[in-house]
Amino acid sequence: MDNDRWRIVFASVLGLSIFYSSCSADKAPYYSFVKPATLAPPIGYFDYIVIGGGTAGCSLTATLSNGATVLLLERGGSPYGNKDIEEIGSFAANLANVSPASPAQRFVSEDGVVNARARVLGGGSAINAGFYTRAPSDFVAKV
């Protein structure tokens with residue numbers, strides 16, 4: 001019986017460690033291209049300047065950079081190294097953080113709904129823990 005307990009404990013610990021190791025992001029392979037704006041030269045020339053490093057801004061920049069020089073400007077920081085973004089268990093803490101350095105900025109929409117907008121490279125995809133919302137089908141049918 002004692003052997004069976006150790007097997008269960010070992011299997012549980014192994015399972016949890018595999019689960020948690022798969023839930024955190026690794027350092028990006030091309031992370032060295034991210035630079036603070038303070039290190040930029042006073043004058044620079046680019047074919048395109050993309051404002052906003054969210055999901056669309058990063059994708060657009062990657063596509064344009066295949067044949068042009070592109071500058072991507074993002075007011076937030078990098079998601080790498082920020083445990084509130086990298087670990088799914090910190091999802092609520094990330095949205096509850098109201099400090100100026102938080103990757104999620106709380107705001108109230110015009111119709112009074114409290115929400116969060118991202119201020120981090122990767123945009124809402126970096127802070128939303130994989131959740132998304134979809135309009136009801138009857139609303140989509142009207143539009």
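Structure: above.
Everything quoted here is computed from the prediction, not taken from an experiment.

Is there a simple way to think about the overall build of the protein chain in this case?
Secondary structure summary: the protein chain contains 6 helices and 4 strands in total. Ordering the α and β elements of the protein chain from the N terminus gives α-β-α-β-α-α-β-β-α-α. Here the protein chain, with 143 residues, has 17% of them falling under the buried criterion. Put simply, 40% of the contacts in the protein chain that link residues at least 6 apart link residues at least 24 apart. When the accessible surface of the protein chain is split by element, carbon and sulfur atoms take 62% of a total near 11000 Å².

I tried to follow the packing of aromatic side chains on my own but got confused; where do I start?
Two numbers describe a pair of aromatic rings. These are the distance of the centres and the angle of the planes. All chains considered together, the criterion is met by 0 aromatic pairs. Over the face of the ring belonging to Phe 107 we find Arg 117, whose NZ or CZ atom lies 4.0 Å from the ring centre.

Please explain the side chain of Ser 102 as it appears in this structure.
Mapped onto the elements of the fold, Ser 102 is located in the loop between α4 (91-96) and β3 (104-108). By relative accessible area, Ser 102 is classed as buried at 1%.

What should I look at first to understand the pairing of strand β4 (residues 114-118) in this one?
Note on strand geometry: in a regular strand, side chains alternate between the two faces of the sheet. Here β3 pairs with β4 via 5 bridges, running antiparallel. Each residue of the ladder has a partner; that of Arg 106, found in β4, is Ala 116. Between β3 and β4, which pair antiparallel one after the other, the connecting turn spans 5 residues, and Gly 112 there sits at a positive phi close to 90°.

Before we go on, may I ask you to explain the nonpolar core in this structure?
Soluble globular proteins tend to pack their nonpolar side chains together in the buried interior. Judged by nonpolar contacts, Ile 85, Ala 104, Val 120, Ala 126 and Ile 127 together constitute the single largest core of 5 residues. With residues up to four places along the chain from it excluded, the contact list for Ile 127 reads Phe 91, Asn 94, Leu 95, Pro 103, Ala 104, Arg 117, Ala 118 and Val 120.

I keep staring at a nonpolar patch on the surface and nothing clicks. Help me out?
Together, Phe 46, Ile 49, Ile 51 and Leu 73 make up a nonpolar patch on the protein surface, roughly 400 Å² of accessible area in all. Looking at the secondary structure, you find Ile 51 in strand β1 (residues 48-51).

Looking at this structure, I do not really get the environment of Ala 129. What am I missing?
With respect to the element layout, Ala 129 can be found in the loop between α5 (124-127) and α6 (137-142). We classify Ala 129 as partly exposed; its relative accessible area is 29%. The spatial distance from the C-alpha of Ala 129 to the C-alpha of Glu 87 is 8.9 Å, given a sequence separation of 42 residues. Beyond its immediate sequence surroundings of up to four residues, Ala 129 is in contact with Ile 88 and Phe 91.

I keep staring at the pairing of β1 and nothing clicks. Help me out?
Relative to strand β2 (residues 70-73), β1 is paired through 4 bridges, and the arrangement is parallel. What sits directly across from Ile 49, in β2, is Leu 71. At this point the chain moves from β1, through helix α2 (residues 55-64), to the parallel β2, and the crossover so formed is right-handed.

Conventions adopted
Residues numbered from 1 in each chain as written. Predicted model: local features only at pLDDT ≥ 70, side-chain atom pairs only at ≥ 80, totals over all residues. Heavy atoms only, no water. Helix = DSSP H or I, 4+ residues; strand = E, 2+ residues; numbered from the N terminus. Buried < 20%, exposed > 50% of the residue type's maximum accessible area, 1.4 Å probe, protein only. Contact = heavy atoms within 4.5 Å. Areas by Shrake-Rupley, 256 points an atom, 1.4 Å probe, with all protein chains shown as cover. Phe/Tyr/Trp six-rings, centres within 6.5 Å; stacked < 30°, edge-to-face > 60°. Lys NZ or Arg CZ within 6 Å of the ring centre and 35° of its normal. Pairing = 2+ DSSP bridges. Core = buried A, V, L, I, M, F, W, Y, C linked by side-chain atoms within 4.5 Å. Patch = residues over 30% accessible without salt bridge, like charges linked within 9 Å, V, L, I, M, F, W, Y side chains within 5 Å. Salt bridge = Lys/Arg side-chain N within 4 Å of Asp/Glu carboxyl O. Right-handed = clockwise from strand over helix to strand, strands pointing away.

On their own, these measurements won't tell you what the molecule is for.
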